[in-house]
Amino acid sequence: DVRATALATAREAGLSPAAAEALASALVDATARATEAHPALARHTTGFVRRLAEVLETPTPEAVAKVYVEDLWLAHAAGQGDAAAIGTIERAHVHGSAAGRLRGQRFSPDEIAEIEQNLREHLFVAKPGERPKIAQYAGRGELSGWIGVSATRAALRARKKTEREVSESGVISRAVADGDVELAFVKEAYRPAFKEAFHEALASLDAKERLLLRQHAVDGLGIDALGELYGVHRATAARWVAKVREAVLDRTRIAFEKRMNVGRAEFESLLRLARSQLDLSLKRVL
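Just so you know, the residues in each chain are numbered from 1, in the order the chain's sequence is written. The predicted origin of the model limits local features to residues at a pLDDT of at least 70 and limits the giving and counting of side-chain atom pairs to 80 or more, whereas totals for whole chains, interfaces and linings rest on all residues. Side-chain metrics in this entry use all non-hydrogen atoms of the structure; hydrogen atoms and water are not considered.

Engineer: Mind laying out helix α12 (residues 207-218), listing which residues take part and the relevant values?
Structural biologist: Only DSSP runs of H or I reaching four residues or more are called helices, and only runs of E reaching two or more are called strands; each is numbered from the N terminus. The span you would expect from a helix comes to 1.5 Å times its residue count less one. Compared with the 16 Å implied by 1.5 Å per residue over twelve residues, the 15 Å span of α12 between its first and last C-alpha is a close match. Residues of α12 that are buried include every one of Arg210, Leu211, Leu212, Leu213, Arg214, Gln215 and Ala217, and no others. Where α12 begins, one side-chain oxygen reaches toward the backbone nitrogen of Lys208, 3.2 Å away; that side chain belongs to Asp206. At the exit of α12 stands Gly220, carrying a positive phi of roughly 80 degrees. The buried label applies to any residue whose accessible area, calculated with a 1.4 Å probe on protein chains only, is under 20% of its type's maximum; exposed applies above 50%, and partly exposed to all values in between. Two N or O atoms form a polar contact when they lie within 3.5 Å of each other; inside protein one atom must be a possible hydrogen donor and the other a possible acceptor, and for residues adjacent in sequence the pair counts only when both atoms belong to side chains.

Structure representation (structure tokens):
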């Protein structure tokens, strides 16, 4: 019962009976407005009453009136992992948010999509033992502005990354030239051709495959985290990762065989040595 929860929450603040009644009424009214704005999230009502009381600067009806309750309602539900709330926030505040902050920055559509995906990960994927960032929103300003700060930071990080890495191909080329990608598992005669083939295989991935591989191999997102991020079962996420890894290996084999005129059996022999080093190499070139 919303009224009972609101009254109990107000009493926990140590208010006089009259002040507790006034605060409870304000909490009930604010919750009703939030529910009306997003009725599909009604199952979060009781928890929202307590969250609303938690974010108040002072336990008064005046403080309740200052909270952007509709936005707080959305963020609270998203913080609980509600797919409908997450979808609403993505459509209203995440999709296009990076593009709006990157005008004139010469980012490609794929790069902007990647920045927005990183923003989704930042907002909705919780680190072990923590709650997702979206749960930190306290309703003291519009949710769009609060997310905009995160989007701007994501854009700035991308800007610095782009300045540091002109392109993925350039990064790989420089790494090879500097000896940063150390493929010591391939004998000297094969190493240059293997590097070129590996480079070609990575470059052939589409934007989604490249992002998935980076998130798993570089950012360290496990299968469970990837499943949560993309809204799929962990088994599906595992299949995606396995598929893109095999694509890299298979395309490396094809490119390598063309360069060195070796057969599949000989390549597989070399690759058995390479597999143990694959993740390390990916982290250095992605």
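Engineer: So what's going on with the nonpolar core? Which residues, and what values?
Structural biologist: Core analysis: the biggest nonpolar cluster contains 39 residues, and Leu52, Val64 and Ile89 have the highest contact counts within it. At the level of secondary structure, the elements contributing two or more residues to this core comprise α1 (2-12), α2 (17-37), α3 (45-55), α4 (61-65), α5 (69-79), α6 (83-94), α8 (109-124) and α9 (143-164). If sequence neighbours within four positions are ignored, Val64 has contacts with Leu23, Ala26, Leu27, Ala30, Leu52, Leu56 and Val69. To qualify as a nonpolar core, a set must consist of buried Ala, Val, Leu, Ile, Met, Phe, Trp, Tyr and Cys residues joined through side-chain atoms within 4.5 Å. Counting residues in hydrophobic clusters, the runner-up holds 16 residues, among them Val125, Phe198, Val241 and Val248. Throughout, a contact is declared for two residues whenever any of their heavy atoms are within 4.5 Å.

Engineer: Tell me what's going on with the pattern of salt bridges, and back it up with residues and numbers.
Structural biologist: Opposite charge on two side chains permits pairing when their charged atoms draw close. Here a salt bridge means any side-chain nitrogen of Lys or Arg lying within 4 Å of a carboxyl oxygen belonging to Asp or Glu. The tally for this structure, following the rule as stated, stands at nine salt bridges. With a closest N to O distance of 2.6 Å, Arg3 and Glu21 form a salt bridge. Of this pair, Arg3 sits in helix α1 while Glu21 sits in helix α2, and the two are 18 residues apart along the sequence. Overall, Arg3 belongs to the partly exposed group, its relative accessible area being 33%. A salt bridge links Glu57 to Arg140, with the shortest nitrogen-to-oxygen separation between them at 3.5 Å. Separated by 83 residues along the polypeptide, Glu57 in the loop between α3 and α4 and Arg140 in the loop between α8 and α9 bring together distant segments of the chain. Classification of Glu57 as exposed rests on a relative accessible area of 61%. Its relative accessible area of 54% is what places Arg140 among the exposed residues.

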